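Read off the chains here:
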Amino acid sequence: VRRAESLEASTSPLTGPPAKRIRATAQSDLHTGAPRSQEPEDNGRGAATAVHGAASSSPEVEAGHLPSLESTEAGHTDSSECQTSITENAPVKEMRQHVFSAAAAQAMNTQTDAAPAAAAAEPSGASDSRKTLLVWFRAFDLRLSDHAPLAVAARAGGPVVCAFVWPRQRGRWGVHGAQEAWLRASLARLDSALRAIGSRLILRCAPSGLTSGFKPGSETSLSEDSRAEADLIGGNGRLGGGLGEGLERDAIQGFVPPPPTSTDGENNALVAAEAASVAAEMLSLANECDACEVLWHRSYEPDEERVERAVSAALHASGRRVREMPGRLLYEPHTVNLSGGFNGGHWGTLMPFLRACERQGPPPPLPLPPPTSLPPPANWPASLALEGLCLAPRPVRADGTAARDWATELLAYWDVSEEKAREQMELFVHAGGLQGYETRRSRADVKGTVSTLSPYLRFGQLSPRQLYHAVKASPLPRELKKTFSRRLHWRDLAYFHLSAFPDMPSFPIRRHYAAHAWVGDSAALRRWQRGQTGFPMVDASMRCLYATGWLHQSLRMVVASFLVEYLGINWTKGAEWFHDTLVDADVGINSMMWQNAGRSGIDQWNFVLSPESGSQDPSGAFCRTWLPELAKLPTKQLHTPWLASPQLLAAAGIELGFNYPHRMVADLTEARSRTVSALTTMRAASLEWNDDGGYDQIQLPNGQRTRVFTKQEFRLDKQGKPKPPPAARATPLGKGGSRAAGRASGKPRTNGVAPKGRGAGARSSRIVDYFPKSG
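These remarks concern the structure in this document. (Residues numbered from 1 in each chain as written. Predicted model: local features only at pLDDT ≥ 70, side-chain atom pairs only at ≥ 80, totals over all residues. Heavy atoms only, no water.)

Re the pairing of strand E2 (residues 132-137)
Point 1. The element E2 is extensively covered by neighbouring structure, given that six of its six residues are classed as buried.
Point 2. The alternating pattern of E2 places Thr132, Leu134 and Trp136 and Leu133, Val135 and Phe137 on opposite faces, both of which are buried.
Point 3. Pairing of E2 with strand E5 (residues 291-297) involves five bridges; the strand directions are parallel. Bridge pairing links Leu134 to Val294 in E5.
Point 4. The pairing of E2 with strand E3 (residues 160-167) spans five bridges and is classified as parallel. Across the sheet, the residue bridging to Val135 is Cys162, located in E3. (Buried < 20%, exposed > 50% of the residue type's maximum accessible area, 1.4 Å probe, protein only. Helix = DSSP H or I, 4+ residues; strand = E, 2+ residues; numbered from the N terminus. Pairing = 2+ DSSP bridges.)

Have a look at this one:
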């Protein structure tokens, strides 16, 4: 649990959107829970071959056709009682002697509905309606509708316990920052919805009981923070009396599988600790409930898959049945067969992937209705109050006083509920948003041009099947809804990439791009994060992101282009900042976007978005909202204030360098040429990954090499020299048009460069610092 930096509100007399939070990584007590710092240190990263983790499979859950609880499962012996005692369980005895036993490995590698063959007697397929079923809610399925595990449990007729387990210690790409605020509100609304049908949400906390230096198979003790948590919660640090039934801590550690890659050792250790603590808490809860079966939706994030495998192994070893189900995506990534080479598009691009999805079977089934009631257990297990999870807590200053409540201010922009998700979906699909999406989706200055459903999809208040079928049922012609319809397939594509390249959030898919020379300018990165670049389109976007936790897709691309193309800063820094500040931060989508922006992804961006054109804000309404200091400028000069005359600036109350910053990049053409040169130099040193056409090659998980799209200006010949474009056709124009790219790379404009004698120390600055000061 981390303490935030002390925060002070901005003392600027200018009004505007409220200042928010700056978060840091200092370790402290349970009063705060701030995420990583805004400028994390680089970790040592080495190239490694991507491993395609095989995911378990289960029957598709269709509306009106739920998997039967009466089917006999492989590996289960006939038994009319759930085996909750594991004292005499042979695999557990063995694991006490060998931390990572063959039995544990077998349990982790079992198929979804199959228990390890070595496990003790487990329940038969016939479900005893008197026995409790435990539904494990995750941070991506916080809804009642179209929730397969909940629907199966409700149909069984026996008691149902719904639970959410919050890991105090989480991996780098777990729920952090702005996501914690959304999660806090989501859990409260989910509990209310469950209570309306006779149930409730049990909240448990998995304490950080393993040190950060945890290695699978190592024997560790409680950290000091964990002891503090134990004192706060009571007993051994978890509600319900601990692991119980004779399962010891080293046995739980033995269930944690190894990481799929070794490029981020620090994160791997964090996830291992998370997996062990969550597995221990789930086992404790299952013991307390006397649950015979535990059901949950399957995740497709590599870190979460490690957690699931540890939980599954621990539960199987205790004699319980486990059922993992699809529901987070439209298609299961591991079932999509996408061959290498060019198949109507380069490998891993949208259209080949979409066709491969369509070939694998019928379209996604209709969503499931919500249960109308859930039978309660005879005795409810213990539960923490929501405050006990310490989600997005109010930061504490160095002097111990409470700082600004950034999470409450952020949530003021949102209605976090399943009902609002459905309402917003219906409004977009049927009230003109979808109809105008093809022509208006790049506009950030007008409401309703995009759906703003991404946070609801990220946390599962809306399922992808609900949105898929709502759009499909729309009477609009295909031409008006085809682009939006593909957005959900982009989401699935991102997780297909992530399943093939598990270290995609932090390491280049084009492995040789790890040698790219980036600019390590922490001051420039901080100005970008704080919205003080001197480019209004970038600054307004970054301030909007920090205040609301959300940003229009076109603007995400603008700020990403600026960071990578013009500042030359490593794309991983942008990915980390977005993960911390977006409420819809999704590991797959965020990583895919930043990989492509950083040119190391499967589908390099074939465009450069200008930071000065303002094409996403033609009316100026967006910039005026988030840059009130520029509000009086005419629209023509709003996005390029350095081109305004001194008289016009004075009339608008603007003095560049005093109350709005000078441009941090005066010559865009020169700046971008440096980043292009760094990339082509790196490519010239890695010609073994350059094919005859000048394209990059990557190695797929099966060892096959395949060509991936490479932008024309980056293509090299066999000698490492720039490869001219094909004579038969002109260089293709990418999305966003060449005009924006041309403006970005045209003759540099010198207006607005800091004048002589007006340096940083020439006069006290009144530039609006949108973010609170560090105390």
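Concerning the packing of aromatic side chains
The geometry of an aromatic ring pair is captured by the separation of the ring centres together with the interplanar angle, meaning the angle of the planes.
Point 1. Taken as a whole and assessed by the stated rule, the structure comprises 19 aromatic pairs.
Point 2. When the centroid spacing of 5.4 Å and the interplanar angle of 45° are considered together, the rings of Phe353 and Phe496 count as tilted. Residue Phe353 is located in helix H9 (residues 350-359), and its partner Phe496 is located in helix H15 (residues 478-500); the two are separated by 143 residues in the primary sequence.
Point 3. For Phe353, a relative accessible area of 1% corresponds to the buried category.
Point 4. Classification of Phe496 as buried rests on a relative accessible area of 4%.
Point 5. An angle of 45° between the planes, with centres 6.4 Å apart, marks the rings of Tyr413 and Trp626 as tilted. You can see Tyr413 sitting in the loop between helix H10 (406-411) and helix H11 (418-430) and its partner Trp626 sitting in helix H21 (residues 621-626), a full 213 residues away along the chain. (Phe/Tyr/Trp six-rings, centres within 6.5 Å; stacked < 30°, edge-to-face > 60°.)

Here we look at the sheet that holds strand E6 (residues 321-325)
Sheet strands pair via backbone hydrogen bonds, and the direction of the pair is either parallel or antiparallel.
Point 1. Reading across from one edge, E4-E3-E2-E5-E6 is the order of the five strands in this open sheet, with parallel pairing throughout. Of all the strands in the sheet, the pair left with one neighbour each is strand E4 (201-206) and E6. Each strand of the sheet is rotated relative to its neighbour by a mean of 25°, with strand direction disregarded.
Point 2. With respect to the sheet, helix H3 (residues 148-156) is in contact with E2, E3, E5 and E6, its orientation differing from that of E2 by roughly 165°. (Axes fitted to C-alpha atoms, helices over the stretch in contact; angles between N-to-C directions. Contact = heavy atoms within 4.5 Å.)

Quick look at helix H20 (residues 587-597)
Point 1. The element H20 is extensively covered by neighbouring structure, given that 10 of its 11 residues are classed as buried.
Point 2. Within the sequence span of H20, burial applies to Val587, Gly588, Asn590, Ser591, Met592, Met593, Trp594, Gln595, Asn596 and Ala597.
Point 3. Summarising the contacts, the buried residues of H20 are in contact with H15, helix H16 (522-530), helix H18 (553-566) and helix H19 (571-581).
Point 4. Just past H20, the residue Arg599 takes up positive phi, approximately 75°.

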